[in-house]
Amino acid sequence: MSDVTQHQLSDAWRQCQRHFHHLQHALDSIADQLPLTGRRLASLDDDAIQALDQFVLRFGRLQDAMGARLLPATLAVLQEPYEDRPMIDKLNRLEKLGFLESSDQWQQLRIIRNRFSHDYPDDPEKNAALLNLAIQSVDDVVVILKRIEEKLSLPSLLQRQ
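Below, the structure is looked at part by part. Given the structure is predicted, the values throughout are model-derived calculations rather than measurements.

**Re helix α6 (residues 124-151)**
Here comes step 1: For α6, with 28 residues, the first-to-last C-alpha span of 41 Å sits near the 40 Å given by 1.5 Å per residue.
Here comes step 2: In the structure, α6 departs most strongly from a straight axis at S137, where the bend amounts to approximately 25°.

**Focus: the environment of L130**
Here comes step 1: Note that L130 resides in helix α6.
Here comes step 2: Since its relative accessible area comes to 4%, L130 is described here as buried.
Here comes step 3: Separated by 126 residues in sequence, L130 and V4 place their C-alpha atoms 39 Å apart.
Here comes step 4: Dropping the residues within four chain positions of it, L130 is found in contact with I112, R115 and F116.

**Remarks on a negative patch on the surface**
Here comes step 1: Taken together, the side chains of E95, E101, D104, D139 and D140 define an acidic patch exposed on the protein surface.
Here comes step 2: Mapped onto the elements, D140 comes out in helix α6.

About the criteria used
- Residues numbered from 1 in each chain as written.
- Predicted model: local features only at pLDDT ≥ 70, side-chain atom pairs only at ≥ 80, totals over all residues.
- Heavy atoms only, no water.
- Helix = DSSP H or I, 4+ residues; strand = E, 2+ residues; numbered from the N terminus.
- Expected span 1.5 Å × (residues − 1).
- Bend = angle between axes of the 7 residues up to and from the residue.
- Buried < 20%, exposed > 50% of the residue type's maximum accessible area, 1.4 Å probe, protein only.
- Contact = heavy atoms within 4.5 Å.
- Patch = residues over 30% accessible without salt bridge, like charges linked within 9 Å, V, L, I, M, F, W, Y side chains within 5 Å.
- Areas by Shrake-Rupley, 256 points an atom, 1.4 Å probe, with all protein chains shown as cover.
- Salt bridge = Lys/Arg side-chain N within 4 Å of Asp/Glu carboxyl O.
- Lys, Arg positive; Asp, Glu negative; His and termini not counted.
- Charge placed at Lys NZ, Arg CZ, Asp CG, Glu CD.

Structure below.
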């Protein structure tokens, strides 16, 4: 593995750790409000709304960093020639190598993330359901990160907690 490849992996991993840390902090801040309901969502104070906004932001950024940087860097470190291949090919290869449970799992996480671009101002129940789904899916993101961490002997994801 080249120094450049190692640096790209380390840099991507640190970025994911940073996003995960802030995502987890946001979740910890609103833990007493979970699971959300439309009524509860509508009555949250400014601090709780800010924590939810931080969660949504970091949930998206973490996935973006994983998809654009960490997953490709993982393949590069493994000397898998996938840099010019479509993302689905990369996901399928990572699944075969045991880094992903399934490529469908990653695609479902992306669908959840992308649904945040839709705002339902008149439907707090729909917003609460989407947020609850995203919060539940954090466990799937952690599983992926932990697999990468263990298989590549990276520094602990939870060391900053």
